[in-house]
Amino acid sequence: ETTGRPYMEAGQPTSATHPWLIGRDELTPFIPAAEYAARREALASTLPVNGAALLGAAPLLYMAGVIPYPYRQHADFLYLTGITQPGAAMLLERMPGEGDYRYSLFVPEASAHVDRWSGWQLNAESAARDFGAH
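In this report, the structure presented in the accompanying data block is examined. It should be emphasised that the depicted structure is a prediction, and the values quoted were computed from it without experimental measurement.

**Observations regarding the overall build of the protein**
(1) Moving on: A count of helices and strands for the protein gives four helices and seven strands.
(2) Moving on: Taking 14 Å as the expected radius of gyration for a compact globule of 134 residues, we find that the protein reaches 16 Å, a close match to that expectation.
(3) Moving on: Overall, the C-alpha framework of the protein stretches about 45 × 35 × 30 Å when taken along its three principal axes.
(4) Moving on: For the protein, buried positions account for 33% of its 134 residues.
(5) Moving on: Taking all contacts inside the protein whose residues are at least 6 apart in sequence as the whole, residues at least 24 apart take part in 54%.
(6) Moving on: Of the roughly 8200 Å² of accessible surface on the protein, 60% is carried by carbon and sulfur atoms.

Printed below as a string of structure tokens:
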């Protein structure tokens, strides 16, 4: 099922959707994508070869029924990815070779129903395009 999502929509503000707030090379206000990549590289360098780190986004919590609390991302997940929405998980794998690592994001499948009620969410395309994940 197609969601009718604009190409530039990542499920959170980006430089394409909010150029007055986020600079061209930034993932969040005043923090460039290169800074997030450097943070992941620093973590990967502490892992043993063929080791991995898996972090999940904070869950969405509900106060009653379908009424959610204001969302607050898990601090470590936000620090390493720049992703401000629920439902994703990050896998950081240390590969053989000096400084080699792989950064993967696991995101929920796009759903027109979820997009209609909660707004566009991060999908696989935007994870690769906007957040540099494999």
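Next comes the rest of the description.
**Re the packing of aromatic side chains**
(1) Moving on: Taken as a whole and judged by the stated rule, the model has zero aromatic pairs.
(2) Moving on: One Lys or Arg, Arg39, reaches over the ring of Tyr36 and ends 5.1 Å from the middle of that ring.
(3) Moving on: Over the ring of Tyr79 we find Arg39, and its NZ or CZ is 4.0 Å from the ring centre.

**Some points on unusual backbone geometry**
(1) Moving on: Even without glycine at this site, Phe30 takes up a positive phi of about 70°.
(2) Moving on: Considering the arrangement of structural elements, one finds Phe30 in the loop between strand E1 (26–28) and strand E2 (31–32).
(3) Moving on: Located in the positive-phi region is Asn50, a residue other than glycine, with phi close to 70°.
(4) Moving on: Considering the arrangement of structural elements, one finds Asn50 in the loop between helix H1 (33–46) and strand E3 (52–56).

**Describing a nonpolar patch on the surface**
(1) Moving on: Taken together, the side chains of Leu61, Met63, Val66, Ile67 and Tyr69 make up a nonpolar region of the molecular surface, amounting to roughly 540 Å² of accessible area.
(2) Moving on: By the secondary structure assignment, Leu61 is in the loop between E3 and strand E4 (62–64).
(3) Moving on: Residue Leu61 is classed as exposed on the basis of its relative accessible area of 52%.

**Some details on helix H4 (residues 124–131)**
(1) Moving on: Burial in H4 covers these residues: Ser126, Ala127 and Phe131. The buried residues of H4 occupy an angular sector of 105° when the element is viewed end-on, so they sit on one face. Turned more than 90 degrees away from the buried face of H4, the exposed residues are Ala124 and Glu125.
(2) Moving on: Its buried side turned inward, H4 meets E1, H1, helix H2 (75–81) and strand E7 (101–106).
(3) Moving on: For H4, the N-terminal capping position is held by Asn123, with its side-chain oxygen 3.2 Å away from the main-chain nitrogen of Glu125.

Reading the values: the criteria
- Note on numbering: residues in each chain are counted from 1, in written sequence order.
- Residues qualify for local features only when their pLDDT is at least 70, as the model is predicted, and side-chain atom pairs are given and counted only at 80 or more; totals for whole chains, interfaces and linings, by contrast, use all residues.
- Hydrogen atoms and water are omitted, and side-chain values are computed over all heavy atoms in the structure.
- Secondary structure elements are defined from DSSP: runs of H or I of at least 4 residues count as helices, runs of E of at least 2 residues count as strands, and each element is numbered from the N terminus.
- Each radius of gyration is computed over the set of C-alpha atoms, and the globule rule expresses the reference value as 2.2 Å times the number of residues to the power 0.38.
- Burial status follows relative accessibility: with a 1.4 Å probe on protein chains alone, a residue under 20% of its type maximum counts as buried, one over 50% as exposed, and anything between as partly exposed.
- The contact criterion used throughout is that any non-hydrogen atoms of two residues lie within 4.5 Å.
- All accessibility values rest on the Shrake-Rupley procedure with a 1.4 Å probe; residue burial counts only the protein chains present in the view.
- In summary, the pairing rule links any two rings of Phe, Tyr or Trp, Trp by its six-membered ring, whose centres are within 6.5 Å, and it sorts them by plane angle into stacked for under 30 degrees, edge-to-face for over 60 and tilted for everything else.
- For a Lys NZ or an Arg CZ to count as sitting over a ring, it must be within 6 Å of the ring centre and within 35 degrees of the ring normal.
- Like charges within 9 Å and nonpolar side chains (Val, Leu, Ile, Met, Phe, Trp, Tyr) within 5 Å are joined into patches, using only residues over 30% in relative accessible area that form no salt bridge.
- Only one rule defines a salt bridge in this text: a Lys or Arg side-chain nitrogen within 4 Å of an Asp or Glu carboxyl oxygen.
- This arc corresponds to the set of directions leading from the helix axis out to the C-beta atoms.
- Pairing of N or O atoms within 3.5 Å defines a polar contact, subject to two protein rules: one partner must be a possible hydrogen donor and the other a possible acceptor, and residues neighboring in sequence count only if both atoms are side-chain atoms.

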